[in-house]
Amino acid sequence: PYSILEPMVCKIPIISSRIDSVTELLEEDKECMFYSPQNPAELADKILTLAQYQNIRNDLAMHAYNKVKEIYNWDSISKKYLNMYQSV
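Please read these numbers as outputs of a predicted model, since none were measured by experiment. Residues take numbers from 1 onward in each chain, read along the sequence in its written order. Per-residue local features are limited, in this predicted model, to residues with pLDDT of at least 70; the limit for side-chain atom pairs, both in listing and counting, is 80 or more; totals at the level of whole chains, interfaces and linings are taken over all residues. Side-chain descriptors were evaluated using all non-hydrogen atoms of the structure, hydrogens and water having been removed beforehand.

1. Considering helix 4 (residues 54–71)
And step 1. Here helix 4 spans 26 Å end to end across 18 residues, near enough to the 26 Å set by a 1.5 Å rise per residue.
And step 2. Should any heavy atoms of two residues lie within 4.5 Å, those residues are counted as being in contact. A run of H or I in DSSP counts as a helix once it spans at least four residues, and a run of E counts as a strand once it spans at least two, with each numbered from the N terminus. In the core, the buried residues of helix 4 are packed alongside helix 1 (2–9), strand 2 (33–35) and helix 3 (40–52). Here a helix's expected span is defined as the number of its residues, less one, multiplied by 1.5 Å.

2. Focus on a nonpolar patch on the surface
And step 1. A patch is a set of surface residues, each over 30% in relative accessible area and not in a salt bridge, joined within 9 Å for like charges and within 5 Å for the nonpolar side chains Val, Leu, Ile, Met, Phe, Trp and Tyr. Areas reported as accessible are Shrake-Rupley estimates using a 1.4 Å probe. Residue values count occlusion only from the protein chains shown. A side-chain nitrogen of Lys or Arg and a carboxyl oxygen of Asp or Glu constitute a salt bridge if their distance falls within 4 Å. A contiguous nonpolar patch, built from Y2, W74, Y81, M84, Y85 and V88 and spanning about 770 Å² of accessible area, is present on the exposed surface.
And step 2. A per-element tally of the nonpolar patch places helix 5 (residues 74–87) first, with 4 residues.
And step 3. Relative to the helices and strands, M84 resides in helix 5.

3. Describing the packing of helix 1 against helix 4
And step 1. At a minimum axis separation of 8 Å, helix 1 and helix 4 run at an interaxial angle of 110 degrees. Here helix 4 runs roughly perpendicular to helix 1, going by the angle between their axes. Crossing hand, helix 1 versus helix 4: left-handed. Together, L5, M8 and V9 of helix 1 and A64, Y65, K67 and V68 of helix 4 make up the contact between the two elements.
And step 2. Of the residues contributing to the contact of helix 1 with helix 4, the split by class is 6 nonpolar, no polar and 1 charged. Between N-to-C directions, angles span 0 to 180 degrees; the directions come from axes that are lines fitted to C-alpha atoms, helices contributing only their stretch in contact. Angle categories are assigned with fixed cut-offs, so that under 35 degrees is roughly parallel, over 145 is roughly antiparallel, 65 to 115 is roughly perpendicular, and the rest are oblique. Each helix crossing is assigned a hand: it is left-handed if the near helix lies turned anticlockwise from the far helix by less than a right angle, otherwise right-handed if that turn is clockwise. Here the term charged refers only to Asp, Glu, Lys and Arg, the term nonpolar to Ala, Val, Leu, Ile, Met, Phe, Trp, Tyr, Cys and Pro, and the term polar to all other amino acids, Gly among them.

4. Quick notes on the pattern of salt bridges
And step 1. Counted by the stated rule, this structure contains 4 salt bridges.
And step 2. A salt bridge links R18 to E28, with the nearest nitrogen and oxygen atoms 2.8 Å apart. On the criterion of sequence distance, the pair formed by R18 in the loop between strand 1 (15–17) and helix 2 (20–23) and E28 in the loop between helix 2 and strand 2 is long-range, its members being 10 residues apart.
And step 3. Here's how the labels work: a residue is buried when its accessible area is under 20% of the maximum for its type, exposed when over 50%, partly exposed in between, all with a 1.4 Å probe on protein chains only. Since its relative accessible area comes to 34%, E28 is described here as partly exposed.
And step 4. Here R18 makes a salt bridge to E42, at a shortest N to O gap of 3.4 Å. Within this pair, whereas R18 is found in the loop between strand 1 and helix 2, its partner E42 is found in helix 3, the two being separated by 24 residues in sequence.
And step 5. By relative accessible area, which is 34% here, R18 ends up partly exposed.
And step 6. Within the structure, one salt-bridge network assembled from shared partners comprises R18, E28 and E42.

What follows is the structure, given as structure tokens:
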């Protein structure tokens, strides 16, 4: 989802609910933090963690940025779309 790719490119640390499209894209505690949608206390805990620890914010943001630049750049994505259309 583009709503996840955009903060990755902007080096913004990500906290996301555990939904399939995002869990397939990002690695937990390396490129983002996940929380259960039914657990607002877990979300609050993740927000407080990022607010308190700059090193965690920076590490998550940089790992996600590196991933988006390497794997999800437009050159790579356009080739995948082209291959998909050619196979249909």
